[in-house]
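Tertiary structure, described
One letter stands for each residue in the lines below.
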Amino acid sequence: MTPQQWQRSAGVGVVLVLGSIAAYRALVVTDRDRVERFAEAVSGEVTPARIDAALRYVDPDRQTVEVTAYEATETYGPGQRDALHQRVRERLRAVSGARFRVLRRSITMGQGSASVSMQLFSSEAAPTAEYVLRKHGGDWLVETARVR
């Protein structure tokens with residue numbers, strides 16, 4: 001093999017390796033990726049579609065959920081999924097259409113758990129939202145939600 005052929009072969013090899021790495025990263029979704037998707041779902045513009053996207057992370061039949069909104073705390077367990085979803089939609093109706101921008105976001109990953117803390121801002125309010133999620137198989141479900 002001539003030096004030129006060797007350089008071309010090496011170049012093709014490097015391209016194949018880099019392409020394989022990029023394809024692998026595109027196909028593999030990590031736990032952190034899933035938790036970041038949750039954080040994106042609970043920020044931004046408040047629309048029915050975004051509320052539904054966020055509620056995919058809430059399943060009191062599989063993970064009891066404690067929700068604290070300012071001073072009121074409610075707990076939802078098995079059989080209360082519809083009640084929780086209805087309550088969330090009722091509370092968010094007041095800010096429908098508002099866009100909550102993320103000023104600060106922190107995600108801490110643990111063994112089977114994750115914490116998400118966000119300082120949000122809109123023309124209506126500037127709440128702090130804190131969530132604890134638990135891993136159930138491949139799903140991350142909200143265990144605790146606090147908005148202050």
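An account of the accompanying structure is given in this report. (Residues numbered from 1 in each chain as written. Predicted model: local features only at pLDDT ≥ 70, side-chain atom pairs only at ≥ 80, totals over all residues. Heavy atoms only, no water.)

**Regarding the environment of threonine 128**
Inspection of the secondary structure puts threonine 128 in strand 6 (residues 128–136). A residue is classified by how much of its surface remains accessible, and threonine 128, at 17% relative accessible area, is buried. Residues threonine 128 and arginine 148, 20 residues apart in the sequence, show an inter-C-alpha distance of 5.3 Å. The contact partners of threonine 128, leaving out residues within four places of it in the chain, are Met118, Gln119, Arg146, Val147 and Arg148. Of note is the side chain of threonine 128, whose polar atom sits 2.7 Å from the side chain of glutamine 119. (Helix = DSSP H or I, 4+ residues; strand = E, 2+ residues; numbered from the N terminus. Buried < 20%, exposed > 50% of the residue type's maximum accessible area, 1.4 Å probe, protein only. Contact = heavy atoms within 4.5 Å. Polar contact = N/O pair within 3.5 Å; in protein donor to acceptor, adjacent residues only side chain to side chain.)

**Some points on the sheet that holds strand 3 (residues 72–76)**
Taken together, the 7 strands give an open sheet; going across it, the order is 1-4-5-6-7-2-3, and neighbouring strands pair in mixed fashion. This sheet does not close on itself; its edge strands, each paired only once, are strand 1 (44–45) and strand 3. Sheet strands in contact with helix 4 (residues 81–93) are strand 2 (65–69) and strand 3, and its direction is about 150° off that of strand 3. (Pairing = 2+ DSSP bridges. Axes fitted to C-alpha atoms, helices over the stretch in contact; angles between N-to-C directions.)

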